[in-house]
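# Coordinate inspection notes
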Amino acid sequence: MNEKKYKYDVAFSFVQDDEPLARAVNDLIQERAATFLYSKRQEEIAGTDGEKTFATVFGEESRTVVVLYRGTWGTTPWTRIEETAIRNRAFLEGYDFVIFMPVEKGATLPKWLPKTQLWIGLERWGIEGAASVIEARIQQAGGEPREESAQDRAARLKRHIDSETARNQFLDSADGVASALKAVTTIFETIECRTQEITESTGLSLRTKRVESGIELYANEGGLAVEWHYLYQNTLNDSYLSVSLWNGIPYRPERMFIRKPSLIRQEQFNFDRENTDMLGWQHQKQKLFLTSEQLADHCLKVLMDYVHQQHMRKK
């Protein structure tokens with residue numbers, strides 16, 4: 001029996017918001033494998049029946065399929081077509097050809113997907129690790145990724161340099177500062193919203209207060225200060241977000257204390273843009289990149305972990 005020949009080694013399915021991430025993963029493997037990324041194949045798609053083309057790519061022509069999954073995948077016009085093609089193909093072949101990659105925290109995979117199905121957690125693997133898993137799956141499915149040539153490597157290096165140049169120009173611009181300010185606002189508003197939800201659902205005594213440079217979060221056992229520091233309107237140089245945990249109300253020079261609070265821990269984050277074009281916050285000392293919503297959750301967890309530790313010590 002002749003082995004089936006495929007036009008593509010891998011096809012990526014994703015909602016529009018995740019195109020930067022799809023492009024970043026695609027960039028790591030496109031020199032060694034035939035990939036289908038619709039934005040890279042526009043000339044092939046132009047003049048064709050788009051619905052039929054996408055159904056054929058995901059249902060027949062791709063050796064493997066990678067789904068960058070979030071809750072809205074399968075609800076947009078194109079991903080709905082791709083989901084149907086994947087499920088129809090799985091009915092005949094099983095699900096071995098598809099890999100799911102959740103791209104949002106707490107994403108629940110589709111109920112129709114077998115629990116044993118391979119999925120890639122980006123937080124654990126990272127983009128490069130995800131690319132390696134995809135290449136391994138291509139080989140398992142009978143594909144033969146080719147060796148990257150010096151010219152291929154040079155082309156990939158040039159794309160990386162161009163991406164890094166664009167990133168630095170963005171961070172050193174008024175648009176970058178405006179994006180950072182918007183992200184800071186999201187953090188503060190998310191902390192307020194989450195605090196209210198936690199208080200109402202659990203009864204824990206948490207409260208927030210806006211201060212001049214940020215927001216403070218209080219519990220009976222301690223406090224957390226989240227403060228945005230920046231100096232310029234047209235560059236993010238020397239700017240950072242500090243998260244400091246105290247054993248009482250956070251210290252400020254203008255406040256009067258009977259006993260001055262002690263600083264328990266402090267972290268600093270820089271506003272940044274990943275090579276996926278995702279905006280977020282890079283920890284200054286750890287390999288940790290968080291969206292604004294994730295950073296807000298991180299702040300709440302830091303304080304609640306401290307509260308838990310204090311309660312355990314009292315036992």
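What comes next is a walk through the structure. All chains use their own residue numbering, which begins from 1 and follows the written sequence. Totals for whole chains, interfaces and linings use all residues, but because this is a predicted model, local features are given only for residues with pLDDT of at least 70 and pairs of side-chain atoms are given and counted only at 80 or more. The side-chain values count all of the structure's non-hydrogen atoms but skip hydrogen atoms and water molecules.

### Examining the sheet that holds strand β10 (residues 279-283)
Pairing is antiparallel in the open sheet, where seven strands are placed in the order β5-β6-β7-β8-β9-β10-β11. Only two strands of the sheet have a single neighbouring strand rather than two, namely β5 (207-211) and β11 (289-290). The criterion for strand pairing is that DSSP finds at least two bridges linking the strands in question. For helices the rule is a DSSP run of H or I covering at least 4 residues; for strands it is a run of E covering at least 2, with both sets numbered from the N terminus onward. As paired strands, strand β9 (residues 263-273) and β10 are joined by five bridges and run antiparallel to one another. Counted as the bridge partner of F269 is H283 from β10. Helix α7 (residues 174-202) rests against β5, β6 (214-219), β7 (222-229), β8 (240-246), β9 and β10 of the sheet, and its axis sits at about 150 degrees to β5. Pairs of residues are marked as contacts when any of their non-hydrogen atoms sit within 4.5 Å. Here, axes are lines fitted to C-alpha atoms. For helices the fit covers the stretch in contact, and angles between N-to-C directions go from 0 to 180 degrees. The sheet strands contacting helix α8 (residues 292-314) are β6, β7, β8, β9, β10 and β11, and the helix crosses β9 at an angle near 170 degrees.

### Concerning the side chain of T235
One can find T235 in the loop between β7 and β8. Relative accessibility under 20% of the residue-type maximum defines a buried residue, over 50% an exposed one, and the middle range a partly exposed one, all with a 1.4 Å probe and only protein chains included. T235 gets classed as buried once you look at its relative accessible area, which sits at 9%. A distance of 2.6 Å separates polar atoms of two side chains, one belonging to T235 and the other to D172. As used in this structure description, the phrase polar contact means that two N or O atoms lie within 3.5 Å; if the pair is within protein, one of them must be able to donate a hydrogen and the other to accept it, and residues adjacent in sequence are counted only when both atoms belong to side chains. Looking at T235, its side chain comes within polar contact range of the main-chain nitrogen of N237, at 3.2 Å. Contacts of T235, omitting those with residues within four sequence positions, involve L171, D172, S173 and V177.

### Focus on the environment of S239
With respect to the helices and strands, the residue S239 is situated in the loop between β7 and β8. Residue classification places S239 among the buried positions, given a relative accessible area of 6%. As for S239 and A180, which are separated by 59 residues in sequence, their C-alpha atoms are 9.6 Å apart. Every residue in contact with S239, bar those within four places of it in the chain, is listed here: W228, H229, Y230 and N270. In this structure the side chain of S239 is engaged in a polar contact, spanning 2.6 Å, whose partner is the backbone oxygen of L236.

### Concerning the layout of surface pockets
In this analysis, the protein atoms alone were mapped onto a 1 Å grid. Cavities are point sets where a 1.4 Å probe fits without being able to get out; pockets are open sets with protein on both sides within 12 Å along at least five of seven lines; lining residues have an atom within 4 Å of a point. Grid points are joined across faces, edges and corners, and a volume is the space filled by probe spheres set on the points. What the second largest pocket holds in volume is close to 220 Å³. The wall of the second largest pocket is formed by S179, K182, A183, T186, F271, L279, G280, T291, S292 and E293. Mapped by element, the contributors of at least two residues to the lining of the second largest pocket are α7, β10 and α8. When residues of the lining of the second largest pocket are assigned to their parent elements, the largest contribution, four residues, is made by α7.

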